[in-house]
Each structure stands twice: as C-alpha cells, then as structure tokens.
Amino acid sequence: MAPPDEAAQRDDWDRHWLDYSDAAEQNPAQRYRRRIVFDLLALGDGPVRVLDVGSGQGDFAAELLRRHPRAELLGLEVSEAGIEIAQQKAPGAGFVQRDLTQAGEPAAEQQGWATHAVCSEVLEHVDKPGELLANAAHYMAPGCRLVVTVPGGPMSAFDRHIGHRRHFSPEALGALLTEAGFEVETASGAGFPFFNLYRLVVILRGRRLVEDVSGGGTGSESRLARATMAAFRPLFRLNRLRGGRGWQTVAVARRDRIEEPAGG
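Residues numbered from 1 in each chain as written. Predicted model: local features only at pLDDT ≥ 70, side-chain atom pairs only at ≥ 80, totals over all residues. Heavy atoms only, no water.

Every buried residue belonging to helix α5 (residues 80-89) is among Ala81, Gly82, Ile83, Ile85 and Ala86, and all of these are buried. The N-capping residue of α5, defined by a side-chain oxygen 3.3 Å from the backbone nitrogen of alanine 81, is serine 79. (Buried < 20%, exposed > 50% of the residue type's maximum accessible area, 1.4 Å probe, protein only. Helix = DSSP H or I, 4+ residues; strand = E, 2+ residues; numbered from the N terminus. Polar contact = N/O pair within 3.5 Å; in protein donor to acceptor, adjacent residues only side chain to side chain.)

Here it is as structure tokens:
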C-alpha cells in the first residue's frame, strides 16, 4: 500500500504535469513509444480523425500534426493543467477535459468521431481500465483502429509514486481489450534490449528518481538524470518496434461493439 501522502497525490494529474512535463518531454522512452504508435496507426497520407485517450501535455498531438498536417486530433484528458500545456504545444488540435473512468456520453459531434485512436501509458493508472476503454469507445467510429501501449516488466518506485496500479503482459492487455468490446489484432512486447535496460536503470535508481525528474534533487542528480536520458536516445533507435521480449507492451485493436466490461 502506498504511504498516505503518496496515495493522496498519485492521481493529482494537475500536479503531475506541472512537476513532470519537462521530464516527460525529454524522456527517450516517450519518444520511442511515439515511434511505435505512428508505425502501428498506419495513418497514410489522407485526412484522418485521431482520438488521443489521455492526451497528457500534448507531445503526441504536436508530433501528429507535424507529421500529418491534414489530420484532425481530439485529445481527452482529465487534467486541466495538461490541457493548458497541450494547447500551447498543439494549437491546431482540440482538447476536452474528460474523466473516462466516469460514465458519460460524448457531445453529439464527437460520437463515433475517430477513425484512429491511441491510448498510450494510461491504463496502468486506473483501477478499472476496462471501463475507461469502453467509455472511450463511444468516441470511435466502427472499425476505428486503436493502438494501446502500457508498461510491462517490473514496477519501479517512480512508477508507484505516479500511481501505477499494475503492469501488463501482452496476454493480459489482449484479454482486457476483448472484454471491453474490441477486436484484437496483435498484442506483444516491444523494446528489447535497450528499453529493458533503461527500465532497469529506472528501477535501480529507486525513489531518488522522483526528486531527480521533479527538480527536487541536487544539481548533480538532476544533471545525471538528463545525461542518462540523453545517452539512451541513440540506443533506443536500435530497439525493435514489434514483437520480442521487450518490457513495453503494445496492442492493436478495432472498435467492434460496446459492452459493459466483465471486470476492471
């Protein structure tokens, strides 16, 4: 069980993005995940409507609009602070403050809107991820292509600090998507070997990483965190994007039916 102060703060997403936005932007793992997502979304050159489930501070939205100027993007995010940062980074996108862990219908013009969707590093933060997926599905057109990334492998002290409930095997992620009413095309690990090595560094750093990335550590500790992220950037280009034993768990699914999930 998390200590009382940590349990009270772990889902404070306004605080999260105010504290960690810069670190997230520089994180090579985030950049690697976006490579995976763009590879699997298969957007092509035509106009598309992309839903970003848990759009955070807008790094994916900004890169999407750079890569695909004709695309439309709708970001759903629970954090007001995250939306404010995202709107500055991606003024051409639309963002809606929405808690997808709570039942509710989209606005009429957003019902069945998306042709493609991404849910990256979100499901590990909620107690009932199946309900979040089922609620998000209302924004997707039938046949909408959904790419999901979640962490696999061991959990670090930093993961617990920012509210990770669980990490997922490919089999567990595939079962979750099926229960939420999606037709799963693929579910696998990715990122071997350097993503795994990076995650081991994060695990070994322990709770000191919390202060490193939030600016609470000494100058030398913060410089060490930045140097470590910079060192891994070129190595991440060598990671596999699909398949393998990597601790990044990835799935591709299609929006099929919408049902109440059997469990969280």
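Along the chain, glycine 153 falls in the loop between β5 (140-151) and α7 (157-161). Accessibility expressed as a relative area gives 36% for glycine 153, which makes it partly exposed. C-alpha of glycine 153 to C-alpha of phenylalanine 168: the two residues are 15 residues apart in sequence and 7.6 Å apart in space. Apart from the residues within four sequence positions on either side, glycine 153 is in contact with His167 and Trp247. (Contact = heavy atoms within 4.5 Å.)

Looking now at the packing of aromatic side chains. The geometry of an aromatic ring pair is captured by the separation of the ring centres together with the interplanar angle, meaning the angle of the planes. Scanning the model with the defined rule gives three aromatic pairs in all. When the centroid spacing of 5.1 Å and the interplanar angle of 25 degrees are considered together, the rings of phenylalanine 38 and phenylalanine 60 count as stacked. Here phenylalanine 60 lies in helix α4 (residues 59-67) and phenylalanine 38 lies in helix α3 (residues 28-41), a separation of 22 residues in the sequence. Of the two residues examined, phenylalanine 38 and phenylalanine 60, each falls in the buried class. Ring geometry for tyrosine 198 and phenylalanine 232: centres 5.1 Å apart, planes at 80 degrees, overall edge-to-face. (Phe/Tyr/Trp six-rings, centres within 6.5 Å; stacked < 30°, edge-to-face > 60°.)

Further remarks concern the packing of α3 against α4. At a minimum axis separation of 11 Å, α3 and α4 run at an interaxial angle of 50 degrees. The angle between the axes of α3 and α4 places the two elements in the oblique class. Of the two elements, α3 crosses α4, and the hand of that crossing is right-handed. Contacts from Arg34, Val37, Phe38 and Leu41 of α3 reach α4 at Asp59, Phe60, Glu63, Leu64 and Arg67. (Axes fitted to C-alpha atoms, helices over the stretch in contact; angles between N-to-C directions. Parallel < 35°, antiparallel > 145°, perpendicular 65-115°, else oblique. Left-handed = near helix turned anticlockwise from the far one by under 90°.)

Looking now at the environment of phenylalanine 168. Looking at the element boundaries, phenylalanine 168 is found in the loop between α7 and α8 (170-179). Using a relative accessible area of 2% as the deciding quantity, one classes phenylalanine 168 as buried. With near-sequence residues (within four places) excluded, phenylalanine 168 lies in contact with Leu123, Glu124, Pro129, Val150, Pro151, Gly152, Leu173, Leu176 and Thr249.

Before going further, it helps to examine the confidence of the model for the protein chain. Residue-level pLDDT values for the protein chain average 87, and 87% of them are 70 or greater. Within the model, the stretch residues 1-8 combines pLDDT values under 50 with four contacts to residues more than four positions away or in other chains. (pLDDT = per-residue confidence, 0-100.)

What links the strands of a sheet is backbone hydrogen bonding, and the strands pair in either a parallel or an antiparallel sense. Taken together, the seven strands give an open sheet; going across it, the order is β3-β2-β1-β4-β5-β7-β6, and neighbouring strands pair in mixed fashion. Because the sheet does not close on itself, it has two edges, and the strands there are β3 (94-97) and β6 (182-190). Neighbouring strand axes in the sheet, compared pairwise and without regard to direction, differ in orientation by 15 degrees on average. Two strands pair when backbone bridges link them, and β6 and strand β7 (residues 248-255) are joined in this way by eight bridges, in the antiparallel orientation. Of the residues in β7, the one forming a bridge with alanine 187 is alanine 251. Packed onto the sheet, α4 meets β1 (49-53), β2 (72-77), β3 and β4 (114-120) and runs at close to 165 degrees relative to β1. (Pairing = 2+ DSSP bridges.)

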